[in-house]
Amino acid sequence: ILENLGIMSTVITPIRKSREISGVIGTDSMSENKRWSDHEKTFLKVIGEAVNSSLLRLKEEIKLRENEHRLQEAQEIAKLGNWVLNTETFEVQGSEEFYRIVEFEEGVGWDQMIRIAHPDDQEKLMMGMNEVHIENKPWINEFRLIMKDKTTKWVQVNGRTHLNNEGKVYQIVGTILDITERKQAEDLLQYRLTLGNLIAEISGNFLNMAHEMLDT
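Residues numbered from 1 in each chain as written. Predicted model: local features only at pLDDT ≥ 70, side-chain atom pairs only at ≥ 80, totals over all residues. Heavy atoms only, no water.

I'm lost on the overall build of the chain in this one. Help?
Assigned secondary structure in the chain consists of 5 helices and 8 strands. Taken from N to C terminus, the helices and strands of the chain fall in the order β-β-α-β-β-α-β-α-α-β-β-β-α. Considering the chain as a whole, with its 216 residues, one finds that 26% of them fall into the buried category. Of the contacts made within the chain by residues no fewer than 6 positions apart, 40% connect residues no fewer than 24 positions apart. Counting only carbon and sulfur atoms, one obtains 54% of the accessible surface of the chain, whose full area is about 15800 Å². (Helix = DSSP H or I, 4+ residues; strand = E, 2+ residues; numbered from the N terminus. Buried < 20%, exposed > 50% of the residue type's maximum accessible area, 1.4 Å probe, protein only. Contact = heavy atoms within 4.5 Å. Areas by Shrake-Rupley, 256 points an atom, 1.4 Å probe, with all protein chains shown as cover.)

Dropping the structure here:
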């Protein structure tokens, strides 16, 4: 078959993944029935190993991208984002869902996060961050954010510190969860409970009045 293709001689080497052969790489001569030297065989083997290494890296990159896509999709479904605060620059970097929740572009400053917090929650937000930064305590709290369209969004924020080799805080990492729908459901439930209690009270007063009128 090789002669029919005009190939006079060929040399191949396997591409191995651990003990398994994932492919082969080779070269041929169409001008002469060549006897391949050990140097040429070694060179071909080195090329095969380089190809194999590149294929493995490509496979890992594809796997990593798939995992990142799954993570992004899961965060979007859960309305859960993650963030990192640099304690030197006070710049916040976050996941796609983080930016979707706070409605900002990349490269958010901590001062911007303070500004979009509800005025009644800004002090609580700053005190919570100081607690996790200075006292190195895990932090969790709920805040209201005022969005660009003036709507209010409830979020739950978690944070904890990362220390450098000197034991100093160099970044704060955490999550942000959009709990607006939960808060709305809680408000609706509280409204229904309040309304139910009011109706029960009015009904009770009406029945008492009716009994009094019948007694007279």
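More follows now that the structure is in view.
So what exactly am I meant to see when it comes to the nonpolar core here?
Side chains of a nonpolar character, in soluble globular proteins, are inclined to be buried together. By size, the foremost hydrophobic cluster in this structure holds 25 residues, and its most contacted members are W83, F98, W110, M129 and I176. Put simply, the parts of the chain that give this core at least two residues each are β3 (80–86), α2 (96–102), α3 (110–116), α4 (122–134), β6 (139–146), β7 (152–163) and β8 (169–178). (Core = buried A, V, L, I, M, F, W, Y, C linked by side-chain atoms within 4.5 Å.)

Just checking my understanding: could you explain the pattern of salt bridges for this structure?
A pair can form between side chains of opposite charge whenever their charged atoms are brought close. What the rule picks out here adds up to 7 salt bridges. Its salt-bridge partner being E181, residue K79 comes within 3.0 Å of it at the nearest N-O pair. Of the two residues, K79 sits in the loop between α1 (38–78) and β3 while E181 sits in helix α5 (residues 180–215), which places them 102 residues apart along the sequence. Where R182 meets E142, a salt bridge forms, and the shortest distance between an N and an O atom there is 2.6 Å. A residue pair is termed long-range when its members are at least 10 positions apart, and R182 in helix α5 and E142 in strand β6 qualify at 40 residues. It is possible to trace a salt-bridge network through shared partners that takes in E142, R182 and K183. (Salt bridge = Lys/Arg side-chain N within 4 Å of Asp/Glu carboxyl O.)

Help me understand the sheet that holds strand β4 (residues 91–94) in this model?
Pairing between the strands of a sheet is mediated by backbone hydrogen bonds and can be parallel or antiparallel. With respect to topology, 6 strands assemble into an open sheet ordered β5-β4-β3-β8-β7-β6, the strand pairing being antiparallel. This sheet does not close on itself; its edge strands, each paired only once, are β5 (108–109) and β6. Together, β3, β6, β7 and β8 form the strand contacts of α4, whose direction differs from that of β6 by roughly 150°. (Pairing = 2+ DSSP bridges. Axes fitted to C-alpha atoms, helices over the stretch in contact; angles between N-to-C directions.)

Looking at this structure, I do not really get a nonpolar patch on the surface. What am I missing?
A contiguous nonpolar surface patch, about 310 Å² in accessible area, is contributed by I12, I21 and V24. Looking at the element boundaries, I21 is found in strand β2 (residues 20–29). Look at I21 and you get exposed, because its relative accessible area is 52%. (Patch = residues over 30% accessible without salt bridge, like charges linked within 9 Å, V, L, I, M, F, W, Y side chains within 5 Å.)

Sorry if this is basic, but what is going on with unusual backbone geometry here?
If a residue is not glycine, its phi is most likely negative; likewise, a peptide bond is most likely trans. One non-glycine residue, E103, lies in the positive phi region at around 60°. Among the structural elements, E103 can be located in the loop between α2 and β5. Of note, the phi angle at K150 is positive, near 75°, even though the residue is not glycine. Relative to the helices and strands, K150 is located in the loop between β6 and β7.

Teacher, can you tell me more about empty space enclosed by the protein here?
With a probe scaled to a water molecule rolled over the atoms, the places where space remains empty come into view. Enumeration according to the criterion identifies 1 cavity of 30 Å³ or more in this entry. For the largest cavity, the calculated volume is near 110 Å³. Looking at the largest cavity, the residues that line it are W83, V92, F98, W110, M113, L125, F143, L145, V155, V157 and I176. Where the lining of the largest cavity is concerned, the elements lending two or more residues are α3, β6 and β7. Residues that form the lining of the largest cavity fall into these classes: 11 nonpolar, no polar and no charged. (1 Å grid on protein atoms, 1.4 Å probe; cavity = no way out; pocket = protein on both sides within 12 Å on 5 of 7 lines; lining within 4 Å. Points joined across faces, edges and corners; volume = space filled by probe spheres on them. Nonpolar A, V, L, I, M, F, W, Y, C, P; charged D, E, K, R; others polar.)

How should I be thinking about α4 in this particular structure?
Because an α-helix packs 3.6 residues into every turn, residues spaced three or four apart end up facing the same way. Across its 13 residues, α4 extends 18 Å between first and last C-alpha, which sits within 8% of the 18 Å expected from 1.5 Å per residue. All buried positions along α4 are accounted for by L125, G128, M129 and V132. All buried residues of α4 project into a common sector of 95° when viewed along the axis, lining one side. Within α4, the exposed residues directed more than 90 degrees away from the buried face are E123, M127 and I134. Where the residues of α4 are buried, they touch β3, α3, β6, β7 and β8. At the exit of α4 stands N136, carrying a positive phi of roughly 55°. (Expected span 1.5 Å × (residues − 1). Arc of directions from axis to C-beta.)

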